[in-house]
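Residue-level structural notes
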Amino acid sequence: WAIVNAALGIAGYQNNFNLMVSLGCTRKEYMIAQIATVYLNMISEMVLIFLIYVIEKTMWKVIFPNKEYVKLVEYVFEYKILLAIILLVPAIRLFVGAAILRFGKIAYWLIWVVWMIGCWGCGNIIPYLAHHHESWLFVVVNNVKNMSDIMQMVSICLITVVLLILTYHFTKKQAVYV
């Protein structure tokens, strides 16, 4: 879901930008409309996921009354995770779309490299951190993990604001290619 959502959003950013601005919409109006649309979509998707979860849990109790419900997605509805999903995922999607629109293939390949390092590296980073407590990465991960809930939420909000500001900065003087 998240990968398809991000891919469609990133590809749609460039198409929507070129179409809306060439039809007379200002870049500021475009950004406001795009941000509102992306965040409303994310909120509606999370509500839909919650409704499907409730239906699934209810059906499980009806179909398998003697078996315990297998908790697969309940962690998504913890307030910190939910805040991160609702705020950060759309901001990252907008940022990546604006970066690709602004910088073209350079941004695309840079994002691809970061994605591949994340996909291939995450499985190797966790075992590494388990045995190397002196590494800088262990210190960073441990400090983030030990932050208070309020500091984690403030950090999520600050990262979101920075990404949205960068998105606006990338878009404000972007040329239209029809």
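Below is a summary of the structure that appears in this document. Fair warning: this is a prediction, and the values are worked out from it, not measured in the lab.

What counts, and where the lines are drawn
- Residues numbered from 1 in each chain as written.
- Predicted model: local features only at pLDDT ≥ 70, side-chain atom pairs only at ≥ 80, totals over all residues.
- Heavy atoms only, no water.
- Salt bridge = Lys/Arg side-chain N within 4 Å of Asp/Glu carboxyl O.
- Helix = DSSP H or I, 4+ residues; strand = E, 2+ residues; numbered from the N terminus.
- Buried < 20%, exposed > 50% of the residue type's maximum accessible area, 1.4 Å probe, protein only.
- Contact = heavy atoms within 4.5 Å.
- Axes fitted to C-alpha atoms, helices over the stretch in contact; angles between N-to-C directions.
- Left-handed = near helix turned anticlockwise from the far one by under 90°.
- Nonpolar A, V, L, I, M, F, W, Y, C, P; charged D, E, K, R; others polar.
- Patch = residues over 30% accessible without salt bridge, like charges linked within 9 Å, V, L, I, M, F, W, Y side chains within 5 Å.
- Areas by Shrake-Rupley, 256 points an atom, 1.4 Å probe, with all protein chains shown as cover.

This part is about the pattern of salt bridges. Counted under the stated rule, the structure contains one salt bridge. A salt bridge links K80 to D149; the shortest N-O distance between them is 3.2 Å. Residue K80 is found in helix α3 (residues 79-103), and its partner D149 is found in helix α6 (residues 149-171); the two are separated by 69 residues along the sequence. Classification of D149 by relative accessible area gives partly exposed; the value is 32%.

To continue, consider the side chain of Q174. Its location among the elements puts Q174 in the segment after α6. If we ignore the near neighbours within four places in the chain, the residues touching Q174 are F17, R27, L101 and R102.

At a closest axis distance of 10 Å, the pairing of helix α2 (residues 27-63) and α6 adopts a crossing angle of 140°. Judged by the sense of rotation from one axis to the other, the crossing of α2 with α6 is right-handed. Taken together, the residues of α6 that come into contact with α2 (itself represented by R27, Y30, M31, I35 and Y39) are T160, L164, T167, Y168 and T171. The class makeup of the residues in the contact of α2 with α6 is six nonpolar, three polar and one charged.

Time to look at the packing of α2 against α3. Contact geometry of α2 with α3 gives a least axis separation of 10 Å together with a crossing angle of 140°. In the packing of α2 onto α3, the handedness of the crossing is right-handed. Facing α2, whose interface residues are Q34, I35, V38, Y39, M42, I43 and M46, α3 presents L82, I85, I86, L87, V89, P90, A91, R93 and L94. Taken together, the residues that form the contact of α2 with α3 break down as 14 nonpolar, one polar and one charged.

Attention now goes to the environment of I86. The residue I86 is located in helix α3 in this model. The sequence separation of I86 and G118 amounts to 32 residues, and the corresponding C-alpha distance is 21 Å. Apart from residues no more than four positions distant in its own chain, I86 is found in contact with Y39, M42, I43 and M46.

A contiguous nonpolar surface patch, about 410 Å² in accessible area, is contributed by I43, V47, F50, L51 and V54. Tracing the chain through its elements places V54 in helix α2. On the basis of relative accessibility, which here comes to 36%, the residue V54 falls in the partly exposed class.

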